[in-house]
Amino acid sequence: VPGFDPSLSMMTGITPINPMIPGMGLVPPPPPTDVPVVKEIIHCKSCTLFPPNPNLPPPSTRERPPGCKTVFVGGLPENATEEIIQEVFEQCGDITAIRKSKKNFCHIRFAEEFMVDKAIYLSGYRMRLGSSTDKKDSGRLHVDFAQARDDFYEWECKQRMLAREERHRRKMEEDRLRPPSPPAIMHYSEHEAALLAEKLKDDSKFSEAITVLLTWIERGEVNRRSANQFYSMVQSANSHVRRLMNEKAAHEQEMEQAKESFKNALTGILTQFEQIVAVFNASTRQKAWDHFSKAQRKNIDIWRKHSEELRNAHSEQLMGIRREEEMEMSDDDSGDNPSKKLRVDDSALAAQAYALKEENDSLRWQLDAYRNEVELLKQEKGQLFRTEESLTKDQQLQFLQQTMQGMQQQLLSIQEELNNKKSELEQAKEEQTHTQAMLKVLQEQEINVLTVALVNQDREKNSEKRSPGLKSEKEALLIGIISTFLHVHPFGANIEYLWSYMQQLDSRISANEIEMLLMRLPRMFKQEFTGVGATLEKRWKFCAFEGIK
């Protein structure tokens, strides 16, 4: 871009700034896309703007340049003048410049960036000059962002100003957070030394005065002339040692009191923990434990373990404090010489008596804790015995349930056998009735067989008398094949089986022809009945060898 220094962002102290960073540019946030925008007709003095079809997609725009204040307006009517354009777009904001072209477009520069968004809103409107219907007096507007070097230069200047303000703000913040520098120490003089001697005697100004005295001594202000004055100031500093020791003793006493109060509070907390653990242990006994649900038992068990852990931790902490006190007392006893022991006053004896009382209390609490542990162990043992008894009872119940299940299965098997016997008895009755019917049928069949035998004998006699011969060579061939087939089947074969075999050789032959042929030769083939009742079957056998005999 002409007139723009590319090394601008590399200047000392100015970091490159991205215009798209939120809060750094002046571009307002875009309107929400999910809210439908309803455009209306806009009436001006010399023209009218008609909105586009709301069903059409919104007009496309290019990416917005940083610091954009200029827009491109295309699709203007041919007869549109600069005054008409200014009349339409000055509703969006103050216009600083309009550059119109001869090809029905122009560039409009606004005073502020947010005015560009209002101008983009007019994109897609149809512009008509007056009430004319001439094509030169109408056109569809297309408004888009334009990239102008003046806009970019102003935006860069604004970013530089923001960077300078940011640097200034950071510097002010650093100066505010920086610890203050120590005050300057004055030079030595007799007047300043006299003032310093007075400050050294004052407890509130002692720390400040001792710093000045140390600085003067390190600078080498001590000489023969000022030695006495410096000695008096050192002596004044030494007088504060007793005060500091007294303050230390007072603070130590406060610390001991705080330790004592902490120990007493910790003892009270430990007793409450013991009571809570006792409540949990009582809840786990058999009388109360059986009435809780499974989830409640689980929660009580978790709470009991947590309380026991906290109690043990607090007891260990209390025992550690007491051990430290005992070690301090032993150190004090070993460090005291006989001359100091003689100077033990009533307060020390009272402190020892109090310490012995505390130790006695601690031993008593330890004894109570041990007793509680012994009771817990006894309860656990009792629970173990109870659990063993319950286990034996559970085993007995399981055994009884198994035996009951076995007896039920035996009863079911006996019932099934009884049902089977009944069904077998019914079948036997049915078979008996069926056999009786079959006997009747057999008797009738025997009578029929006898009559058939008599008829066959008569036929044999007639056939012997007639002695018919074979009609053709085909019948001789069939007789030979049938004889061979029946000779292979010594128990005979029914006419259907024989016919199915002959069908494979000659498909035109019928079962009636075969049966008539067999009945014509009673000395070669005989007919027998086999089976009983429904299984009664008529079979043909080969008997030529018996007929020859």
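Heads up: the structure comes first, above all this text.
Bear in mind the structure is a predicted one, so any value in this text is a computation, not a measurement.

**Quick word on the overall build of the protein**
- Within the protein, the secondary structure is distributed over 15 helices and ten strands.
- Among the 549 residues that make up the protein, the fraction classed as buried is 23%.
- Across the protein, every contact between residues at least 6 apart in sequence was considered, and the portion connecting residues at least 24 apart equals 65%.
- Of the roughly 40,500 Å² that the protein leaves accessible, carbon and sulfur atoms contribute 56%.

**Comments concerning the sheet that holds strand E2 (residues 47-50)**
- An order of E1-E2-E6-E7 is seen for the four strands of this open sheet, with the pairing classed as antiparallel. Edge strands, defined here as strands with exactly one partner in the open sheet, are strand E1 (42-43) and strand E7 (138-140).
- Two strands pair when backbone bridges link them, and strand E6 (residues 126-129) and E7 are joined in this way by three bridges, in the antiparallel orientation. For Arg128, the partnering residue across the bridge sits in E7 and is Ser138.

**Section: the pairing of E2**
- As defined by bridge partners, E1 adjoins E2 across two bridges and the pair is classed as antiparallel. Note that in E2 the partner of His43 across the bridge is Thr48.
- Linking E1 to E2, which pair antiparallel, is a turn of three residues.
- Where E2 meets E6, four bridges bridge the pair, whose relative direction is antiparallel. In the strand pairing of E6, Cys47 is matched with Leu129.

**Examining the environment of Arg219**
- Positionally, Arg219 belongs in helix H5 (residues 206-219).
- Its relative accessible area of 39% is what places Arg219 among the partly exposed residues.
- C-alpha separation for the pair Arg219 and Tyr188, spaced 31 residues apart in sequence, amounts to 9.6 Å.
- If near-sequence neighbours (up to four positions away) are discounted, Arg219 is found in contact with Ile185, Met186 and His187.

**Points about the sheet that holds strand E5 (residues 105-110)**
- Strand order in the open sheet formed by four strands is E4-E5-E3-E8, and the pairing between neighbours is antiparallel. In this open sheet, the two strands that pair with only one neighbour each are strand E4 (95-100) and strand E8 (142-145). Sheet twist, expressed as the mean angle between neighbouring strand axes with direction ignored, is 20°.
- Bridge analysis of strand E3 (residues 70-74) against E5 gives five bridges, and the strand direction is antiparallel. Note that in E5 the partner of Gly74 across the bridge is Phe105.
- Sitting on the sheet, helix H1 (residues 82-89) is in contact with E3, E4, E5 and E8, with an inclination near 140° to E4.

**Here we look at the pattern of salt bridges**
- In the structure shown here, the tally under the stated rule is 24 salt bridges.
- Asp151 is the salt-bridge partner of Arg109, the closest N and O atoms lying 2.8 Å from each other. Of this pair, Arg109 sits in strand E5 while Asp151 sits in helix H3 (residues 149-177), and the two are 42 residues apart along the sequence.
- For Arg109, a relative accessible area of 13% gives the class buried.

**Things to note about the packing of aromatic side chains**
- One pass over the full model with this rule turns up nine aromatic pairs.
- The rings of Tyr188, Trp216 and Phe230 are connected pair by pair, giving a single aromatic cluster.
- When the ring centre of Tyr121 is taken as origin, the NZ or CZ atom of Lys39, which lies over that ring, is 5.1 Å away.
- Cation over ring: Arg243 sits above Phe206, and NZ or CZ is 5.9 Å from the ring centre.

**Observations concerning unusual backbone geometry**
- Phi is positive for Asn104, which is not a glycine, with a value near 65°.
- Within the secondary structure, Asn104 is located in the loop between E4 and E5.

**Observations concerning the nonpolar core**
- Val73, Phe89, Ile108, Phe110 and Met127 are the most contacted members of the largest nonpolar core, which totals 29 residues.
- Among the elements of the structure, E2, E3, H1, E4, E5, helix H2 (114-120), E6 and E8 are those that each provide at least two residues to this core.
- Formed by 17 residues, the second largest nonpolar core is a distinct cluster that contains Ile479, Ile495, Leu498 and Ile509.

About the cut-offs
- Counting from 1, residues in each chain are numbered in the order their sequence is written.
- Confidence filtering applies because this is a predicted model: local features only for residues at pLDDT of at least 70, side-chain atom pairs given and counted only at 80 or more, and all residues used for totals across whole chains, interfaces and linings.
- The side-chain numbers reported here are obtained from all heavy atoms of the structure, hydrogens and water having been left aside.
- Numbered from the N terminus, helices here are DSSP runs of H or I no shorter than four residues, and strands are runs of E no shorter than two.
- Only protein chains enter the area calculation, which uses a 1.4 Å probe; residues under 20% of their type maximum are buried, those over 50% are exposed, and those in between are partly exposed.
- By definition, residues are in contact when any of their heavy atoms lie within 4.5 Å.
- The method behind every accessible area is Shrake-Rupley, applied with a 1.4 Å probe, and residues are considered shielded solely by the protein chains displayed.
- A pair of strands is labelled paired if DSSP reports no fewer than 2 bridges between them.
- Axis angles are defined between N-to-C directions and span 0 to 180 degrees, where every axis is a line fitted to C-alpha atoms and, for a helix, only to the segment in contact.
- Basic side-chain nitrogens of Lys or Arg form a salt bridge, by our definition, when they fall within 4 Å of a carboxyl oxygen of Asp or Glu.
- Two rings from Phe, Tyr or Trp (for Trp, the six-membered ring) form a pair when their centres are within 6.5 Å of each other. A pair whose planes differ by under 30 degrees is stacked, one over 60 is edge-to-face, and the rest are tilted.
- Charge over a ring is defined by NZ of Lys or CZ of Arg lying within 6 Å of the ring centre and within 35 degrees of the ring normal.
- In plain words, nonpolar cores are sets of buried Ala, Val, Leu, Ile, Met, Phe, Trp, Tyr and Cys residues tied together by side-chain atoms within 4.5 Å.

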